Amino acid sequence: MKIGVVVHGPHIVDSGYAKKIIELLEHYGEVKARLGGTMGRTAVYDAHLEEVIDISTKRLPSASVDKFSHEGCEIIFLINYGKSNITGHAFGYKVFKRSLTKPALIQIERPGEKDGSVVPWRKSVRVMANEIAKAMDLKVVNPDIIMQEIFLKGTDCGHESTSKGTKTYRKLVGVSPDENIFLNGIVIGKSTDEEVILAAEDGIIVEIKGGKIKDHGVEKLGPVDLEKAIVKTGLLRRSEVNPRIVKFRNNNHNLKIAFLNHAAEDIYGLKNVDMVVTVGDDTTLVAADILYRFDVPIIGITDGDLDCVVQNGFKSNGSMIIELENGWDDIIGQKIFYELFYGKETLEITSIENFKKEILQLINNTAARYHIKETDSSGV
C-alpha cells in the first residue's frame, strides 16, 4: 500500500508524534511524508527529521494532499496538533473541502491529548481509521459530527452587499482572549473575546468583532480573499525546544545580504545568505529564530511593537537589533531598501561591519532616535 502523510504545524513534530505515526504507518506499506504549510519546517530541522519529512517545497496542506493523490497514494493521512479539538477539526474540514481530488483521507488530531481523535473524511477509510485509532488509543470522530459543529458555530464565510461594495465575514473557532490573530502570516489584531468575527470590505479588513484591529498589520496585508485566507490564532510555535544549527557560515566568498520586510515571505529561501536585514518587530523575531538554524545573523529594524508570535526567539551571533521610535521602522526600512539595496532584494558587500555603520549613519541622517538592543546570540 502506498501511504502519504501530510504533516502540518510544528507541534505535531515537537511532541514526537509525527515520528511515531510515520513509524506506525510503515507497518502497513510504503510511507512518504511531506510538510503541509510552512511553520513546521523549523520543527522538522530541530527534530532531525528532514530526511524523513519532505520540506523541500512550500505548499498549502490541501495542495500537499492533492499531490499525494496524483502520485497514486491509496490512503493519505493528515496529522495535526491543534491547540483545541475544535480548531483541529475545523482545520481538517477546510483541508478536505479545499482539496481538488477529495481522496481517501484520514486525519489524526491532537494524539497526545484526552480529546485526541482520528477522523475518516471518506467512508472508504473507516476500517483503517478504526484500526489506527485502536493502535493509538484514540477515539474515532465522524465527519458528520464535525461538520454539524462547524456550521453550528458558523465558521464558513458570509457575504452581504453594502453601499461601498461587498462585505465578507469569517467567524473563528477555538479562540481565547488576548491571542494574536494572523491572516496569511501577518498579525492583523488581537482577540478580546472567545467569539471573534473578521470583517472585510472589498478585501480590506475593516473590523474584528471580539478583537482589536492592528492598523499597521492590515496595511501590510493589503487586499485579501477572506474565505481562502490562512487564519491562525495564538502562537506560531508553542513548544519550548533547543534549536538545532544545521549549517555554519563559510566566509570565503563575497558577502551576500538580503532584505526582508514581510514575515509571511519564504524566510527559508534566505538560509544561504550571509546576513538579512529585517523590518518590523514580528518579522525580525520570526526571521531571526528561523535563520538561527542556518547561522545567518540579522539586522533588525524595529519600533517595539512586538506581538510575541513565538514562545522563544533566538538569533545568530553577530545580529544587531535597532529599536526606533514608534512608526519609524517602516520609514527607515524603505530608506535602507532604496538607498542601500538600490531597490533590490539582495546585495553583495565586502564587510558586514561597514554595512552596519552605513545603516546607523542613514538613521542618524533622518534625526530618528534609536538604541541598539542586542548584539549577542541570546534570545531576541
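Described in the following lines is the structure provided in the data block. (Residues numbered from 1 in each chain as written. Predicted model: local features only at pLDDT ≥ 70, side-chain atom pairs only at ≥ 80, totals over all residues. Heavy atoms only, no water.)

**Structural notes on the packing of helix α10 (residues 328-340) against helix α11 (residues 352-366)**
This is how it is decided: Interaxial angles span 0 to 180 degrees and are taken between N-to-C directions of axes, which are lines fitted to C-alpha atoms, for helices over the stretch in contact. Working definition: helices are DSSP H or I runs of at least four residues, strands are E runs of at least two. Numbering for both runs from the N terminus. Each angle receives one of four descriptions, namely roughly parallel if under 35 degrees, roughly antiparallel if over 145, roughly perpendicular if within 65 to 115, and oblique otherwise. Crossing handedness is read from the near helix: turned anticlockwise from the far helix by less than a right angle, it gives a left-handed crossing, and turned clockwise, a right-handed one. Any pair of residues with heavy atoms lying within 4.5 Å of one another is described as a contacting pair. Side-chain classes follow a simple rule in which Ala, Val, Leu, Ile, Met, Phe, Trp, Tyr, Cys and Pro form the nonpolar group, Asp, Glu, Lys and Arg form the charged group, and the remainder, Gly included, forms the polar group.
It is the contact of α10 with α11, at a shortest axis distance of 11 Å, that shows an interaxial angle of 125 degrees. The angle between α10 and α11 falls in the class oblique. Both α10 and α11 take part in a crossing whose hand is right-handed. Each of W328, I332, K335, I336, E339 and L340 in α10 lies in contact with α11, whose residues at this interface are F355, E358, I359, L362, I363 and T366. Partitioned by chemical class, the residues of the contact of α10 with α11 number eight nonpolar, one polar and three charged.

**Focus: the environment of K271**
As a reminder of what qualifies: Polar contacts here mean pairs of N or O atoms no more than 3.5 Å apart (in protein, one a potential hydrogen donor and the other a potential acceptor; neighbouring residues in sequence count only if both atoms are side-chain atoms).
Mapping K271 onto the fold places it in the loop between β16 (255-260) and β17 (275-279). Note: C-alpha distance between K271 and F294 (23 residues apart in sequence) is 5.8 Å. Once residues lying within four places of it in the same chain are set aside, the contact partners of K271 are Y45, K247, L291, F294 and V296. Side-chain polar atoms of K271 contact the side chain of Y45, separated by 3.4 Å.

**Focus on the pairing of β17**
Cut-off, in case you're wondering: Think of it in three bands: residues with accessible area under 20% of the maximum for their type are buried, residues over 50% are exposed, and the middle band is partly exposed, with areas taken using a 1.4 Å probe on protein chains only. Two strands make a pair as long as DSSP finds a minimum of two bridges between them. Whether a crossover is right-handed comes down to one check: with the strands pointing away from the viewer, does the path from the first strand over the helix to the second run clockwise; if it does, it is right-handed.
Taking burial as the measure, the five residues of β17 include five buried ones, the bulk of the element. Residues M275, V277 and V279 line one face of β17 and the alternating positions V276 and T278 line the opposite face, and both faces are buried. Relative to β17, β16 is paired through four bridges, and the arrangement is parallel. When the sheet's bridge partners are listed, F259 is paired in β17 with V277. The parallel pair β17 and strand β18 (residues 298-302), bridged by helix α9 (residues 281-292), forms a crossover whose chirality is right-handed.

**Description of the sheet that holds strand β5 (residues 105-109)**
Across the sheet, which stays open at both edges, the seven strands sit in the order β3-β2-β1-β4-β5-β6-β7 with mixed pairing between neighbours. Each of the sheet's edge strands pairs with one partner strand only, and the pair in question is β3 (53-54) and β7 (139-140). Where helix α2 (residues 17-25) meets the sheet, its contacts fall on β1 (2-8), β2 (30-36), β3, β4 (75-80) and β5, and the angle it forms with β1 comes to roughly 175 degrees. Against the sheet, helix α4 (residues 61-70) makes contact with β1, β2, β4 and β5, and its axis sits at roughly 155 degrees relative to β2, the strand it touches most.

**Some details on the pattern of salt bridges**
The test is simple: By definition here, a salt bridge exists when the distance from a side-chain nitrogen of Lys or Arg to a carboxyl oxygen of Asp or Glu is within 4 Å.
With the rule as written, the count across this model stands at 13 salt bridges. In this structure, K19 engages E23 in a salt bridge whose closest nitrogen and oxygen atoms are separated by 2.7 Å. Of the two residues, K19 and E23 both sit in helix α2, four residues apart, roughly one turn of that helix. Since its relative accessible area comes to 42%, K19 is described here as partly exposed. Among the residues examined, E23 registers a relative accessible area of 38% and is labelled partly exposed.

**What to know about the nonpolar core**
As a reminder of what qualifies: To define a nonpolar core, start from buried Ala, Val, Leu, Ile, Met, Phe, Trp, Tyr and Cys residues and group those joined through side-chain atoms within 4.5 Å.
Ranked by internal contacts, the top residues of the largest apolar core, which has 53 residues, are V5, V7, I53, F77, I79, I108 and V276. Filtering out sequence-adjacent residues up to four positions away, V7 remains in contact with I12, V13, A18, A33, R34, L35, G36, I53 and I79. Counting residues in hydrophobic clusters, the runner-up holds 25 residues, among them I301, I336, F341 and L347.

**Section: unusual backbone geometry**
Here the phi dihedral of H48 falls at roughly 60 degrees; this positive angle occurs in a residue that is not glycine. Relative to the elements of secondary structure, H48 occurs in the loop between α3 (40-46) and β3. With phi around 60 degrees, D137 is a residue other than glycine that occupies positive phi space. Relative to the elements of secondary structure, D137 occurs in the loop between α6 (126-136) and β7.

**Section: the pairing of strand β19 (residues 320-324)**
In terms of burial, β19 is a largely internal element, five of the five residues being buried. The alternating pattern of β19 places M320, I322 and L324 and I321 and E323 on opposite faces, both of which are buried. With four bridges connecting them, β18 and β19 associate as parallel partners. Residue pairing for β19: I301 is matched across the bridge by I322. Two elements, β19 and strand β21 (residues 370-372), share three bridges in a ladder whose sense is antiparallel. Pairing of L324 across the sheet is with Y370, part of β21.

**Thoughts on helix α5 (residues 85-98)**
Heads up, the rule is: Helix span, as expected, comes to 1.5 Å for every residue beyond the first.
With 14 residues, α5 should reach 20 Å at 1.5 Å per residue; the first-to-last C-alpha distance of 20 Å fits that figure. Summarising burial for α5: ten of the 14 residues are buried, a large majority. Of all the residues in α5, the buried ones are T87, G88, H89, A90, F91, G92, Y93, K94, V95 and F96.

**A look at the packing of α2 against α6**
It is at 12 Å that the axes of α2 and α6 come closest, and there the two elements cross at 125 degrees. The pairing of α2 with α6 is recorded here as oblique in orientation. Relative to α6, α2 is oriented so that their crossing is right-handed. Along its contact with α2, which presents Y17, I21, L24 and L25, the element α6 presents I132, A135 and M136.

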